[in-house]
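For reference, the chains in residue letters:
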Amino acid sequence: MRDSENEVRRRVREGDREAFAQLYEEFARAVYNHGLRLTGDWSTAEEIMSETFLTAWRTRARVQEEGGTLLPWLLGIATHKADNARRGLRRRQLFLARQPQPRAEEDFAPRTVGRIDDARRLRAVQAALGRLRRQEREVLALCVWSGLDYQQTAEALGIAVGTVRSRLSRARKKLARLAEEDRELPTARGEMTSAAAIAALPVREELT
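Conventions we followed
Residues numbered from 1 in each chain as written. Predicted model: local features only at pLDDT ≥ 70, side-chain atom pairs only at ≥ 80, totals over all residues. Heavy atoms only, no water. Bend = angle between axes of the 7 residues up to and from the residue. Helix = DSSP H or I, 4+ residues; strand = E, 2+ residues; numbered from the N terminus. Polar contact = N/O pair within 3.5 Å; in protein donor to acceptor, adjacent residues only side chain to side chain. Axes fitted to C-alpha atoms, helices over the stretch in contact; angles between N-to-C directions. Parallel < 35°, antiparallel > 145°, perpendicular 65-115°, else oblique. Contact = heavy atoms within 4.5 Å. Nonpolar A, V, L, I, M, F, W, Y, C, P; charged D, E, K, R; others polar. 1 Å grid on protein atoms, 1.4 Å probe; cavity = no way out; pocket = protein on both sides within 12 Å on 5 of 7 lines; lining within 4 Å. Points joined across faces, edges and corners; volume = space filled by probe spheres on them. Salt bridge = Lys/Arg side-chain N within 4 Å of Asp/Glu carboxyl O. Buried < 20%, exposed > 50% of the residue type's maximum accessible area, 1.4 Å probe, protein only.

Enquirer: What exactly am I supposed to notice about helix α2 (residues 17-39) here?
Expert: An α-helix turns once per 3.6 residues; consequently, residues spaced three or four apart project the same way. Where α2 bends most, at F27, the angle is about 55°. Its side-chain oxygen 2.9 Å from the backbone nitrogen of E18, D16 forms the N-cap of α2. Positioned one or two residues after α2, G40 has a phi angle of 70°, which is positive.

Enquirer: What should I look at first to understand the packing of helix α7 (residues 150-157) against helix α8 (residues 161-180) in this one?
Expert: For any two helices packed against each other, the geometry comes down to the angle between their axes and how far apart the axes lie. Their axes nearest at 8 Å, the elements α7 and α8 cross at an angle of 100°. For the element pair α7 / α8, the angle class is roughly perpendicular. Touching Y150, Q151, T153 and A154 of α7 are V161, V164, R165 and L168, all from α8. Split by residue class, the contact of α7 with α8 holds five nonpolar, two polar and one charged.

Enquirer: I tried to follow empty space enclosed by the protein on my own but got confused; where do I start?
Expert: Rolling a probe over the atoms, with the probe sized like a water molecule, indicates the empty space that remains. Scanning the model with the defined rule gives one cavity of 30 Å³ or more in all. Around the largest cavity, the lining residues are L38, T79, A82, D83, R86, R134, R137 and E138. Going through the elements one at a time, α4 (71-97) and α6 (134-145) are the ones with two or more residues in the lining of the largest cavity. Broken down by element, the residue count for the lining of the largest cavity peaks at four residues, all from α4. Residue classes in the lining of the largest cavity are distributed as two nonpolar, one polar and five charged.

Enquirer: Looking at this structure, I do not really get the pattern of salt bridges. What am I missing?
Expert: Scanning the entire structure with this criterion turns up nine salt bridges. Put simply, E65 and R13 hold a salt bridge, and the shortest N to O gap is 3.8 Å. Here R13 lies in helix α1 (residues 2-13) and E65 lies in the loop between α3 (42-58) and α4, a separation of 52 residues in the sequence. The exposed category is assigned to E65, whose relative accessible area is 54%. Exposure remark for R13: the relative accessible area of 30% places this residue in the partly exposed category. Between K174 and E136 there is a salt bridge, with its nearest N and O atoms 3.0 Å apart. Taken together, the residues K174 in helix α8 and E136 in helix α6 connect sequence positions 38 residues apart. A network of salt bridges, in which partner residues are shared, links E7, R10 and E14.

What follows is the structure in structure tokens.
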């Protein structure tokens, strides 16, 4: 497996377009999901995915010749893109908040109803994650949702493994406290679910 991964690294470093296309095919969904979790916005997540692979192609010479999967490298780029995107989203939201509200249009299509429910869950996740520091939020997303181990997360963020452990521990403790504060939101079926608890679960993830 390591020899295969080293071969992928070599081909990517050399600008092999076929190898890079395979890299996209294998990890595009993971990069998209990571962007979605950090921003809570589908269209922004798609932009993050596109920008991540564009940046990866431009900086492919920085890939080390030996190592494991390139997913931590890609998610590290995506994390930076998501951080920039979140700042942009906040600016747009502040602008839109000052504008007149558009007239609501009813749409009872099942797809739209499902989308609204997903959006509600994303808002709940963002409400909980918003109580975390950026560094804690990033480590939580990489370790818990993207499934990276401590070493891979450290590689993605360019920090020490011990720092990953401490940030993840703080994030989990904060979410546990939030879950005990009874900040509950109704689901589509009328159930009550803690926003902090929702933050520990995967959102329905899909490329559209």
